[in-house]
Amino acid sequence: MAEIVLKNIKKIYPNEKKSKSLFGKKTEQKKSNLEVTEEGVVAVQDFNLTIKEHEFVVLVGPSGCGKSTTLRMIAGLEDISAGELYIDGKLVNDVAPKDRDIAMVFQSYALYPNMTVYDNMAFTLKLKKVDPQVIDQKVRAAAETLGITAYLDRKPKALSGGQRQRVAIGRAIVRDPKVFLMDEPLSNLDAKLRIEMRSAIRDVQKQIGITTVYVTHDQEEALAISDRIAVMKDGIIRQIGSPQDIYARPYDAFVSTFIGHSNLFHGTLKRADGGYNVVFNNGFSIFMDNISSEAKDGEEVVISVRPEEFSISETGIDCKILNRVFLGKYTNYFLEFAPGMVLDDQPSIE
């Protein structure tokens, strides 16, 4: 097991053709939310993160935010354009992937169809000429942990998607790596299997205590399995914290709407005794005493409110229910507080 330290990591994909302005100066622009410079597309920029030994950290964000690129740089599958990467205290920027002592699980299971589950899990160890007895012990121990002992003699085509992913994870576990990297390993599974497998992955990680970096765009998955979450957007970390901290105290509007549902109220601060009144665009105001001491009178603000903080009653803020959608354990209400001020995705437990 090992600590992973990323210091000022940057990844630039070079342009095929450098573009210049009419005066030959460097041009900068925005394309697909990523910065494009004369050097190329900046996919990850100034990435700083320390992942402690035994910790389970999830990189989460929308497609194209740089999370998989970051994971591939840790694995050595992508070159690092700038910055330093340390694994177990060793600078590994120029260390080959095979020498980093990491194991990686991808979206695809990448199992050998002509081999049994046992042989798939043992394959890497056999290449390293590990003693057959040791191989047998490691394979059977991993199979027991993952609940696939009964399938060791089967071939992948005889397994379900969830079982195949367990085999892929088992193949990584038997190597006893210092670091476990997982790139959206559950994206090919149906909803029920995803829930089952994420619990299995978390249980296995706790048992073996391996340092794990996990990539997903699924916010619920990130909240369910992580020790800490790094929320990314446009190649930048927007917030790092425990699932509880990220959910309860999002740093900005993007984090509050990407992790869980949030309703955003736009208003203006008016200083009052012991705090501020927040005057919203529909004229409604509310007193708040936990506004930052750096806030200024007259400053425009955005207040994020989680849906479960609302309840529908005859007293409170006047609004109009535009639509109601029943979704089993909760109901979505679409509410209009003022013309053009519509809030949606507001679960009310019924």
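Numbering of residues begins from 1 in every chain and follows the order in which that chain's sequence is written. Only residues with pLDDT of at least 70 are given local features in this predicted model, and only at 80 or more are side-chain atom pairs given and counted; all residues enter the totals for whole chains, interfaces and linings. The side-chain numbers reported here are obtained from all heavy atoms of the structure, hydrogens and water having been left aside.

**Things to note about the overall build of the chain**
Each helix corresponds to a stretch of at least 4 residues labelled H or I by DSSP, and each strand to a stretch of at least 2 residues labelled E; elements are numbered beginning at the N terminus. Secondary structure summary: the chain contains eight helices and 19 strands in total. Relative accessibility under 20% of the residue-type maximum defines a buried residue, over 50% an exposed one, and the middle range a partly exposed one, all with a 1.4 Å probe and only protein chains included. With 350 residues in all, the chain has 43% of them scored as buried. Of the contacts formed within the chain by residues at least 6 apart in sequence, a portion of 62% connects residues at least 24 apart. Shrake-Rupley sampling with a 1.4 Å probe provides the accessible areas, and residues are treated as covered by the protein chains on show and by no other component. Counting only carbon and sulfur atoms, one obtains 48% of the accessible surface of the chain, whose full area is about 19000 Å². Any two residues whose heavy atoms approach within 4.5 Å are treated as being in contact.

**Examining the sheet that holds strand S16 (residues 300-305)**
Being paired, for any two strands, means DSSP has found at least two bridges between them. Read across the open sheet, the four strands follow the order S15-S14-S13-S16; overall the sheet is antiparallel. In this open sheet, the two edge strands, each paired with only one partner strand, are strand S15 (285-288) and S16. Neighbour to neighbour, the strand axes of the sheet diverge by 40 degrees on average, direction disregarded. As judged from the six bridges shared by strand S13 (residues 263-272) and strand S14 (residues 275-280), these two strands associate in the antiparallel manner. Within S14, the position partnered with Lys270 by the bridge is Asn277. Every axis corresponds to a line fitted to the C-alpha atoms, with the helix fit spanning only the stretch in contact, and the corresponding angles, defined between N-to-C directions, vary from 0 to 180 degrees.

**Some details on the pairing of strand S1 (residues 4-14)**
Pairing between S1 and strand S6 (residues 82-87): five bridges, direction antiparallel. By the bridge assignment for S6, Lys10 is matched with Ala82. Both S1 and strand S4 (residues 40-51) contribute to a ladder of eight bridges, which runs antiparallel. From the neighbouring strand, Ile4 faces S4, where its bridge partner is Ile51.

Note that every value here comes from positions in space, so none of it alone points to a role or purpose.
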